[in-house]
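Residue-level structure breakdown
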Amino acid sequence: MAVFHATMFYKPFLASLFLLVLFLPNLHITDAQVGVCNGRLGNNLPSSQEVVELYNSNGIRRMRIYDPNPQALQALRGSDIELMLDVPNNDLEGLANDAAAASKWVQDNVLNYNSDVKFRIIAVGNEVDPNNGATARFVPFVLDAMLKIYDAIASAGLKDQIKVSTATYSALVSNPYPPSEGSFNGASGSFMGPIINFLKNTNNPLLFNIYPYFSRTYDPQNVALPYALFTATGDFPQDGQNQYRNLFDAMLDAAYSAVEKAGGPNVEIVVSESGWPSEGDNIDASAENAGTYYRNLINHVKGGSGTPKRPGKAIETYLFAMFDENEKTGLKSEKHFGIFSPNKQPKYQLSFN
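Residues numbered from 1 in each chain as written. Predicted model: local features only at pLDDT ≥ 70, side-chain atom pairs only at ≥ 80, totals over all residues. Heavy atoms only, no water.

Focus on the overall build of the protein chain
Applied cut-off: Helix numbers and strand numbers start at the N terminus; a helix is a DSSP run of H or I with at least 4 residues, a strand a run of E with at least 2. Radius of gyration: C-alpha atoms only; globule rule: 2.2 Å multiplied by the number of residues to the exponent 0.38. Throughout this description, buried means an accessible area under 20% of the type-specific maximum (1.4 Å probe, protein chains only), exposed means over 50%, and partly exposed covers the range between.
Of regular secondary structure, the protein chain possesses 10 helices and 12 strands. In terms of overall dimensions, the protein chain is globule-like: its C-alpha atoms have a radius of gyration of 19 Å, near the 20 Å expected for 353 residues. C-alpha extents for the protein chain along the principal axes are approximately 55 × 45 × 40 Å. Buried residues in the protein chain amount to 57% of all 353 residues.

Listed below in structure tokens is the structure:
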């Protein structure tokens, strides 16, 4: 999860909405299951087996992990939990330049477990951004790594079972107000255009991390808290015939508009991260707000209403994250996105599926 995310400005009772940078045949990508990201940047977290047991006991049927950790993969055997597995950014260059290395990665981390681990999506890189000095160096390798991982998955006869994508985020979307004007421009367009073309041609979804919390944080004067928490009432911003009742939908539809303009009108978007911290560096980072956000997000994405741009569809979404992570760097809030404490006690009363 990147610290900087695009800012969505919302003023209640005004008619404007502003945003600043910002199939499987038998397994539908956008269905009602809600997953949870299993970040592991903590020195006090439960064992992998305990984590799987906690997912199962809470009815959480999907997990995202950020690297092919052998203990985590072993613990998932026989669990029936569907898995999104990341290729870490630091591995992209080696895989992009060597088909044999990509085949070995798939053999070691997917095929060796595939008989009893339900792989759903391989996320080749996370939040690589040509405009971000911390990740721009990975830009030349993302698509080639995706292609080689996809080829290895296809060679194993699994391309209809396991999707291959990359996870991006709202900072790459230009002109996101109104949402129908969202696009990938400049360096972002040069980077994302070929990726969207690959996803279109291979029937794979785009993974997109969406954080209304950061939009609120970066402009609290203009981003109304209720609009970010799904609790706004009164007049809502209009975009043509579409009315936006919450910030999450506006951000997601801006991403859909960008994907369409990049040549992928039928490419689905999976929300690969979304969350709210229970503590942080400002008053909005609170357990009360976080609980409200997670409950309303779960109800919204499961409810089947979709977004104004893509109505009538559940939104496959992964909450960030399972646990507070005391070794995360950056802002204080980065350590407090967990829906469980490291002692496995729930921070909120949530019904997942």
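This is not the end of the story, as more comes after the structure.
Regarding the nonpolar core
Definition in use: Nonpolar core, defined: a set of buried Ala, Val, Leu, Ile, Met, Phe, Trp, Tyr and Cys residues in which side-chain atoms within 4.5 Å join the residues together. It only takes one pair of heavy atoms within 4.5 Å for two residues to be counted as in contact.
Among the nonpolar cores identified, the biggest contains 113 residues, and I149, F248 and I339 are the most heavily contacted of them. Broken down by element, the residue count for this core peaks at 10 residues, all from helix α9 (residues 247-261). Setting aside anything within four residues of it in sequence, one finds I149 in contact with L95, A102, W105, V106, I122, V124 and V164.

With respect to the packing of helix α5 (residues 139-155) against helix α6 (residues 186-202)
Our working rule: Angles run from 0 to 180 degrees between N-to-C directions of axes, and those axes are lines fitted to C-alpha atoms, restricted for helices to the stretch in contact. Each angle gets one of four labels, with under 35 degrees taken as roughly parallel, over 145 as roughly antiparallel, 65 to 115 as roughly perpendicular, and the rest as oblique. A crossing counts as left-handed when the near helix is turned anticlockwise from the far one by less than a right angle, and as right-handed when that turn is clockwise. Note on residue classes: Ala, Val, Leu, Ile, Met, Phe, Trp, Tyr, Cys and Pro are nonpolar, Asp, Glu, Lys and Arg are charged, and everything else, Gly too, is polar.
At their nearest, the axes of α5 and α6 sit 9 Å apart, and the two run at 10° to each other. Considering their axes alone, α5 and α6 lie roughly parallel with respect to each other. Relative to α6, the crossing made by α5 is left-handed. Residue-level contacts link V139, V142, L143, M146, L147 and Y150 of α5 to F191, P194, I195, F198, L199 and T202 of α6. Residue classes in the contact of α5 with α6 are distributed as 11 nonpolar, 1 polar and no charged.

A short note on the pattern of salt bridges
One side chain can pair with another of opposite charge once the charged atoms of both are near each other. Inclusion rule: By convention in these notes, a salt bridge is any Lys or Arg side-chain nitrogen within 4 Å of a carboxyl oxygen on Asp or Glu.
Applying the stated criterion across every chain yields a total of 18 salt bridges. Ionic pairing is found between E316 and R120, a salt bridge with its closest N-O pair at 3.0 Å. Remark: R120 occurs in strand β6 (residues 118-126) and E316 occurs in the loop between α10 (287-302) and β12 (317-319); sequence separation between them is 196 residues. Of the two residues, E316 and R120, neither departs from the other in class, the shared state being buried. Note that K347 is salt-bridged to D324, the shortest N-O span being 2.8 Å. Of this pair, K347 sits in the segment after β12 while D324 sits in the segment after β12; the two residues are 23 residues apart in sequence, bridging distant segments of the chain. Connected through salt bridges with shared partners, the residues R62, E82, R120 and E316 form a single ionic network.

Side note on the layout of surface pockets
Operational definition: Every definition here rests on a 1 Å grid over the protein atoms only: cavities are sets of points where a 1.4 Å probe fits but cannot get out, pockets are open sets enclosed by protein on both sides within 12 Å along at least five of seven lines, and lining residues have some atom within 4 Å of a point. Grid points are joined across faces, edges and corners, and a volume is the space filled by probe spheres set on the points.
There is about 180 Å³ of room inside the second largest pocket. Its residues assigned to classes, the lining of the second largest pocket comprises 4 nonpolar, 6 polar and 2 charged.

Section: the sheet that holds β12
Short version of the rule: The pairing criterion for strands is at least two bridges between them, as found by DSSP.
Taken in spatial order, the 8 strands line up as β3-β4-β5-β6-β7-β8-β11-β12 and close into a barrel, and their pairing is parallel. Here the average twist between neighbouring strands, direction ignored, is 25°. For strand β3 (residues 34-37) and β12, the ladder comprises 3 bridges, and the chain directions are parallel. Looking at the pairing, G35 lines up with Y318 of β12. Taken strand by strand, α6 contacts β7 (163-169) and β8 (206-209), and its axis lies near 150° from that of β7. In the packing of α10 onto the sheet, the strands contacted are β3, β11 (269-274) and β12, and the crossing angle to β12 comes to about 165°.

Topic: the pairing of strand β4 (residues 62-65)
The side chains of a regular strand alternate, first on one face of the sheet and then on the other. Short version of the rule: By convention, orient the strands away from the viewer: a clockwise path from the first strand over the helix to the second makes the crossover right-handed.
The alternating pattern of β4 places R62 and R64 on one face and M63 and I65 on the opposite face, and all of these are buried. In the sheet, β3 pairs with β4 via 3 bridges, with the strands oriented parallel. Bridged to G35 within β4 is R62. Taken together, β3, helix α1 (residues 48-57) and β4 form a β-α-β motif whose crossover is right-handed.

So, the side chain of E273
Rule in force here: By the criterion applied in these results, polar contacts are pairs of N or O atoms within 3.5 Å in which, for protein atoms, one can donate a hydrogen and the other can accept it, and in which residues neighboring in sequence qualify only through two side-chain atoms.
Structurally, the position occupied by E273 is in strand β11. On the basis of relative accessibility, which here comes to 0%, the residue E273 falls in the buried class. Of the polar contacts made by the side chain of E273, one reaches the side chain of Y66; its length is 2.9 Å.

Here's the deal with the packing of aromatic side chains
The condition is simple: For Phe, Tyr and Trp, rings pair up if their centres lie within 6.5 Å, where Trp contributes its six-membered ring, and each pair is then called stacked (planes under 30 degrees apart), edge-to-face (over 60) or tilted (otherwise).
For the coordinates displayed, the defined rule picks out 16 aromatic pairs. On the basis of an interplanar angle of 40° and a centroid distance of 6.0 Å, the ring pair of F230 and F248 is categorised as tilted. Remark: F248 occurs in helix α9 and F230 occurs in the loop between α8 (225-228) and β9 (238-239); sequence separation between them is 18 residues. Since its relative accessible area comes to 17%, F230 is described here as buried. Under the relative-accessibility criterion, F248 is labelled buried at 0%.

Concerning the confidence of the model for the protein chain
Under the convention used in this document: A residue's pLDDT is the confidence the predictor assigns to it, expressed on a 0 to 100 scale.
Of the residues in the protein chain, 91% reach a pLDDT of 70 or more, and the chain-wide mean stands at 91. Of the regions scoring below 50 in pLDDT, residues 3-30 engages in 105 contacts with residues more than four places distant in sequence or in other chains.

What about unusual backbone geometry?
Looking along the chain, the bond that leaves Y177 and enters P178 is cis, with omega of -10°. Along the chain, P178 turns up in the loop between β7 and α6. Residue A321 is reached from F320 by a cis peptide bond, and omega for that bond is 5°. Among the structural elements, A321 can be located in the segment after β12. You will see that D80, though not glycine, has its phi angle at about 70°, which is positive. With respect to the secondary-structure elements, D80 resides in the loop between α2 (70-76) and β5 (82-87). With relative accessibility at 46%, the residue D80 sits in the partly exposed group.

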